[in-house]
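# Chain and residue survey
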Amino acid sequence: MTKFRVLVVDDEPLARAAVAGIVKSDADVDAIDECGDGLAAREAIERDRPDIVFLDIEMPGLDGLRLADGLPPGGPVVVFTTAYSQYATQAFDVAATDYVLKPFSRERLLASLARAKRRVRERRLGQLASEIVEGGQPYLERLSLKLGDRTLVVSEDEVIWVEAQDYCVMVHSTRGRHLLRASLASFEARLDPARFVRAHRAAVVNVAHVRELVDRDGLVLVLCDGSEVGVSRARRQHVEGMLSSRRFGSARPPNAPSGPR
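Bear in mind the structure is a predicted one, so any value in this text is a computation, not a measurement. (Residues numbered from 1 in each chain as written. Predicted model: local features only at pLDDT ≥ 70, side-chain atom pairs only at ≥ 80, totals over all residues. Heavy atoms only, no water.)

We now examine the overall build of the protein chain. From N to C terminus, the protein chain includes 7 helices and 15 strands. By residue count, 48% of the 261 residues in the protein chain fall in the buried class. Relative to all contacts within the protein chain whose residues are 6 or more apart in sequence, the contacts with residues 24 or more apart total 57%. Carbon together with sulfur atoms contributes 49% to the accessible area of the protein chain, which is approximately 13200 Å² in total. (Helix = DSSP H or I, 4+ residues; strand = E, 2+ residues; numbered from the N terminus. Buried < 20%, exposed > 50% of the residue type's maximum accessible area, 1.4 Å probe, protein only. Contact = heavy atoms within 4.5 Å. Areas by Shrake-Rupley, 256 points an atom, 1.4 Å probe, with all protein chains shown as cover.)

With that settled, consider the sheet that holds strand 8 (residues 159-165). Within the open sheet, the 5 strands sit side by side as 10-9-8-12-11. Their pairing is antiparallel. The two strands at the open ends of the sheet, each matched to only one other strand, are strand 10 (176-180) and strand 11 (196-200). Here the strands of the sheet are splayed against their neighbours by 20° on average, with no regard to which way each runs. (Pairing = 2+ DSSP bridges. Axes fitted to C-alpha atoms, helices over the stretch in contact; angles between N-to-C directions.)

Turning our attention to the nonpolar core. Taken as a class, soluble globular proteins show a tendency for nonpolar side chains to be buried jointly. Grouped together as the largest cluster of nonpolar side chains are 22 residues, with contacts concentrated most on Leu7, Val9, Leu55, Leu65 and Phe80. If you list the elements that add at least two residues to this core, you get strand 1 (4-9), helix 2 (38-48), strand 3 (52-55), helix 3 (64-69) and strand 4 (77-82). Ignoring sequence-local partners within four residues, the contact set of Leu65 consists of Ile57, Phe80, Tyr87, Gln90, Ala91 and Val94. Counting 17 residues, the second-largest nonpolar core is a separate cluster that includes Val23, Val29, Ile52 and Leu113. (Core = buried A, V, L, I, M, F, W, Y, C linked by side-chain atoms within 4.5 Å.)

Among the structural elements, Asp28 can be located in the loop between helix 1 (13-23) and strand 2 (29-35). Looking at Asp28, the relative accessible area reads 11%, which means it is buried. Within the structure, the side chain of Asp28 is placed 2.8 Å from the side chain of Lys117, a separation counted as a polar contact. (Polar contact = N/O pair within 3.5 Å; in protein donor to acceptor, adjacent residues only side chain to side chain.)

Before going further, it helps to examine the pattern of salt bridges. All told, the structure shown has 19 salt bridges when counted by the stated rule. Asp48 is the salt-bridge partner of Arg47, the closest N and O atoms lying 3.2 Å from each other. Residue classification places Arg47 among the exposed residues on the basis of a relative accessible area of 58%. The exposure class of Asp48 is partly exposed, given its relative accessible area of 24%. (Salt bridge = Lys/Arg side-chain N within 4 Å of Asp/Glu carboxyl O.)

A few words on the pairing of strand 5 (residues 98-101). Inspection of the sheet shows strand 4 paired to strand 5 by 4 bridges, in the parallel sense. When the bridges of strand 5 are listed, Phe80 appears paired with Tyr99. In this fold, strand 4 hands off to helix 4 (residues 88-93), which returns the chain to strand 5; that crossover is right-handed. (Right-handed = clockwise from strand over helix to strand, strands pointing away.)

On to helix 1. Among all positions of helix 1, only Ala15, Arg16, Val19, Ala20, Ile22 and Val23 are buried. The arc that holds the buried residues of helix 1, viewed along the axis, is 165°, so those residues lie on one side. Opposite its buried face, helix 1 presents the exposed residues Pro13 and Leu14, each directed more than 90 degrees away. (Arc of directions from axis to C-beta.)

Our focus in this paragraph is the side chain of Thr82. Among the structural elements, Thr82 can be located in strand 4. When its relative accessible area of 0% is taken as the criterion, Thr82 is described as buried. In this structure, Thr82 is in contact with Asp56, Ile57, Tyr99, Val100, Leu101 and Lys102, ignoring residues within four places of it in sequence.

Of note, the bond from Lys102 into Pro103 is cis; its omega dihedral lies within 30 degrees of zero at -5°. Looking at the secondary structure, you find Pro103 in the loop between strand 5 and helix 5 (106-134). Phi at Arg49 is positive, roughly 50°, even though this residue is not glycine. Phi at Asp217 takes a positive value of approximately 55°, unusual for a residue other than glycine. Take Asp217: it is sitting in the loop between strand 13 (210-215) and strand 14 (219-223).

With that out of the way, let us pick up the sheet that holds strand 4. By definition, the strands of a sheet pair up through backbone hydrogen bonds, in either a parallel or an antiparallel sense. Taken together, the 5 strands give an open sheet; going across it, the order is 2-1-3-4-5, and neighbouring strands pair in parallel fashion. In this open sheet, the two edge strands, each paired with only one partner strand, are strand 2 and strand 5. Ignoring which end each strand starts from, the neighbouring axes of this sheet average 20° apart. When strand 1 meets strand 2, the two strands line up parallel, connected through 6 bridges. In the strand pairing of strand 2, Phe4 is matched with Val29. Each of strand 1, strand 2 and strand 3 touches helix 1; the most contacted strand, strand 2, lies at about 175° to it.

The analysis is restricted to geometry; functional conclusions fall outside its scope.
Encoded structure:
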C-alpha cells in the first residue's frame with residue numbers, strides 16, 4: 001500500500017490541530033508534521049520532503065502563496081486551507097490541487113486529501129514510467145505522438161513550452177499542441193536544463209523560443225507562437241540569468257498575436 005507523509009502549515013494552532021486531527025484518521029498517512037509559519041514550513045519541506053502539504057495563505061513572514069510558488073519541481077502536492085476566497089485564482093496559478101475554505105467539514109477535508117493522494121500516485125507512476133521508457137538516456141531528444149493511424153515525431157528543438165493540465169501536460173510545439181499523460185515534474189526531468197527553464201509552477205519554457213521579455217506587473221515571456229507566459233517572483237532571477245545572453249525588445253510588436261498566459 002502506498003503511504004504518504006503530510007505537512008500541515010497554519011499560524012492558528014486550533015486550525016492546524018483541526019486539519020492534522022482529520023488527516024491522521026486516514027490509514028494511508030503514515031507521518032504527519034506541523035508548522036506554524038511559512039519559513040519553518042519551507043525548512044521542513046526541504047528537510048523531510050512531504051508528499052502533501054495543507055497550507056494556510058495569510059501567515060507572518062512568508063505567506064502560503066509565496067511558499068508554494070517557490071517550491072522546486074517535483075515538490076509536494078499543495079492543498080490550500082484558508083478563510084479567504086479571494087486568493088483562489090492565485091492558488092491555482094501556483095498549481096494547487098485544491099482550495100478548501102474555512103470552516104470546513106470533515107468530509108470536505110477528507111475529499112481534498114483523497115484528491116491530493118491521487119495526484120501523488122499519478123506523479124509516482126509518471127516518474128516510474130519515465131525511468132522505464134527512457135532508460136539511461138540523459139535528456140529527451142524527441143517525442144513520438146500517436147495520432148490515429150500515424151505517429152508524429154516532434155524533436156526537442158520544436159518544443160516551445162509545456163504547461164501542466166491536471167494529471168497531464170500540454171506540449172506546445174511548432175507543429176501544434178499535444179496532450180500527454182504525465183506530470184510536469186516527470187516531463188521536466190527529461191528536458192535539458194541548459195535549454196528549458198521553469199517559469200512558474202505550471203509552465204516550462206524553451207529559452208530558444210523566447211522572443212521578448214516584458215515587465216508588466218511582473219516579468220512576462222513572449223514566445224515565438226505569440227503565447228505569453230508569466231514568470232513567478234521566486235523564479236524571476238533564475239529566468240533572467242538564463243536569458244541574459246540573449247537580446248529582446250521591451251514591448252510586444254503591434255498586432256502580435258497573444259496566447260494564453
